[in-house]
Amino acid sequence: MAGKTAFETRYGFGRNEVLLANWRVAPFNRWSFQNLGELVPTARVAAAPGVIEAPVRDLGGLLGEKVTVASAPETVAEFLVRSSTDALTVMKGGKIIGDWFAPHMEFGARHIIFSISKSVTAIIAGILEDEGVFDPEAPVTQYIPEAAGSAYGDASVRNVLDMSVSLDFEEAYLDPESAFVRYRRATLWNPGGGTESLREFIQTLQRLAEPHGQTFRYRSPNSDLLGLLLERASGQRFCDLMREKLWLPLGAVSEASVGVDMEGTARTAGGISVTPRDLARIGEMMRQGGKANGRRIVPEAWVRDTTSTGGSSEAWQRGAMLPLFPKGRYRNKWYQTGLENGAYCGIGIHGQWLYVDPRTEVVIAKMSSQPEPVDDALDLEIVAFFEVLSRMV
């Protein structure tokens, strides 16, 4: 009987076992989340040529420090393992403090960030707004007239940015009979895709009776629509916008990628893959008020509005994510935590986090392969962990 292959030894299963039907299921997600392009079509977002990433920095003794975020103390390293972390990068004051990687992820590998893709896409919206190309207060139909017969027919771009569209759609990740499955097929993320494009699917969505703007409703199609809005406003493909407006000015070291559908439409709601350090660099740019390497990327006023002053607390209070951040708000696809430290973050399913603590000047990028798409109890522990870790480094 043949022995295990190197792949099987590393991941605990064979490559042939990872399928389009199970790539988001544990344990297969430990590999697939780093290799989206082998399962679905992706578009490249190249980094500047010739830039070399600094070598990995060990978090050292910090990994052995005790934290208490649940019922009993545990070390930092134990919490990282328990929360299915694949990679962690910590920055403080603009400098990389350290990196941590699970045995199945290598330094320099890309990892899908799921809904932090929304936060990244919104940054590009802020840039185009500053250039006078994109108006967040315009009706959606100003850019996409054919959306008139959908839920977006009387919605504003602001409603899309702040997840306040009164959309008749549920994020039913685990319901095989839901419209969410049809959505995933349209993105080519599930078997059976290729008959309806993402654009076509979005235009079939209908609205609820409640007026737009009243309630925070987390609905991912809003953020794929945002990518389409940016393409229509600019006349450029999303991956080109991301490279020109964000990736090169940011000083990103590694190539990124974006999942695309049958028409090449970017999955801006959840299909971006980046390295942990480049994700942390996005957080540091936000912490610096929209600047990176001394270069202005997005207006400071936009960052301030996004991370501290904008957003409707009333809409958030009516939404379903109130238990996570009881004093929170949501603005331009970023979460304001409402915590005393003024922290803000981007969040993706299966444990993707970009957390910025302006008080301690700490940025934390956490990439994970949690078995469940959403784990509310663990999310609360992760936020508590970030608060403690930010004070430790």
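What counts, and where the lines are drawn
- Residues numbered from 1 in each chain as written.
- Predicted model: local features only at pLDDT ≥ 70, side-chain atom pairs only at ≥ 80, totals over all residues.
- Heavy atoms only, no water.
- Pairing = 2+ DSSP bridges.
- Helix = DSSP H or I, 4+ residues; strand = E, 2+ residues; numbered from the N terminus.
- Axes fitted to C-alpha atoms, helices over the stretch in contact; angles between N-to-C directions.
- Core = buried A, V, L, I, M, F, W, Y, C linked by side-chain atoms within 4.5 Å.
- Buried < 20%, exposed > 50% of the residue type's maximum accessible area, 1.4 Å probe, protein only.
- Contact = heavy atoms within 4.5 Å.
- Polar contact = N/O pair within 3.5 Å; in protein donor to acceptor, adjacent residues only side chain to side chain.
- Expected span 1.5 Å × (residues − 1).

- An unreviewed UniProt entry annotates the protein chain as Serine hydrolase originating from Mesorhizobium salmacidum.

What to know about the sheet that holds strand β11 (residues 329–331)
For step 1, the next point in the chain: Taken in spatial order, the seven strands line up as β5-β4-β15-β14-β13-β12-β11 in an open sheet, and their pairing is antiparallel. The open sheet has two edge strands with one neighbour each: β5 (95–101) and β11. Geometrically, the sheet is characterised by an average inter-axis angle of 20° between neighbouring strands, direction not taken into account.
For step 2, the next point in the chain: As defined by bridge partners, strand β12 (residues 334–336) adjoins strand β13 (residues 344–348) across two bridges and the pair is classed as antiparallel. When the bridges of β13 are listed, Gln 336 appears paired with Tyr 344.

Regarding the nonpolar core
For step 1, the next point in the chain: Ranked by internal contacts, the top residues of the largest apolar core, which has 78 residues, are Phe 134, Tyr 152, Met 242 and Trp 247.
For step 2, the next point in the chain: Top contributing element to this core by residue count: helix α4 (residues 116–130), with eight residues.
For step 3, the next point in the chain: If sequence neighbours within four positions are ignored, Met 242 has contacts with Val 45, Val 120, Ile 124, Trp 247, Ala 256, Val 258 and Ile 272.
For step 4, the next point in the chain: With 35 residues, the next largest nonpolar core counts Met 163, Cys 345, Ile 382 and Val 393 among its residues.

Description of the side chain of Thr 307
For step 1, the next point in the chain: Following the sequence through the fold, Thr 307 ends up in helix α12 (residues 300–309).
For step 2, the next point in the chain: At a separation of 2.8 Å, a polar atom in the side chain of Thr 307 contacts the main-chain carbonyl oxygen of Val 303.
For step 3, the next point in the chain: Those residues in contact with Thr 307, other than ones at most four positions away along the chain, are Met 286, Gln 336 and Tyr 344.

Some points on helix α11 (residues 276–287)
For step 1, the next point in the chain: Compared with the 16 Å implied by 1.5 Å per residue over 12 residues, the 17 Å span of α11 between its first and last C-alpha is a close match.
For step 2, the next point in the chain: Counting buried residues in α11 gives 12 out of 12 residues, a clear majority hidden from the surface.
For step 3, the next point in the chain: If you check which residues of α11 are buried, you get Pro 276, Arg 277, Asp 278, Leu 279, Ala 280, Arg 281, Ile 282, Gly 283, Glu 284, Met 285, Met 286 and Arg 287.
For step 4, the next point in the chain: Following α11 by one or two positions, Gly 289 has its phi on the positive side, about 75°.

Quick look at the pairing of strand β1 (residues 42–45)
For step 1, the next point in the chain: Here β1 shows a buried face lined by Ala 43 and Val 45 and an unburied face lined by Thr 42 and Arg 44.
For step 2, the next point in the chain: Two elements, β1 and strand β7 (residues 256–259), share four bridges in a ladder whose sense is antiparallel. Its bridge partner being in β7, Ala 43 is matched across the sheet by Val 258.

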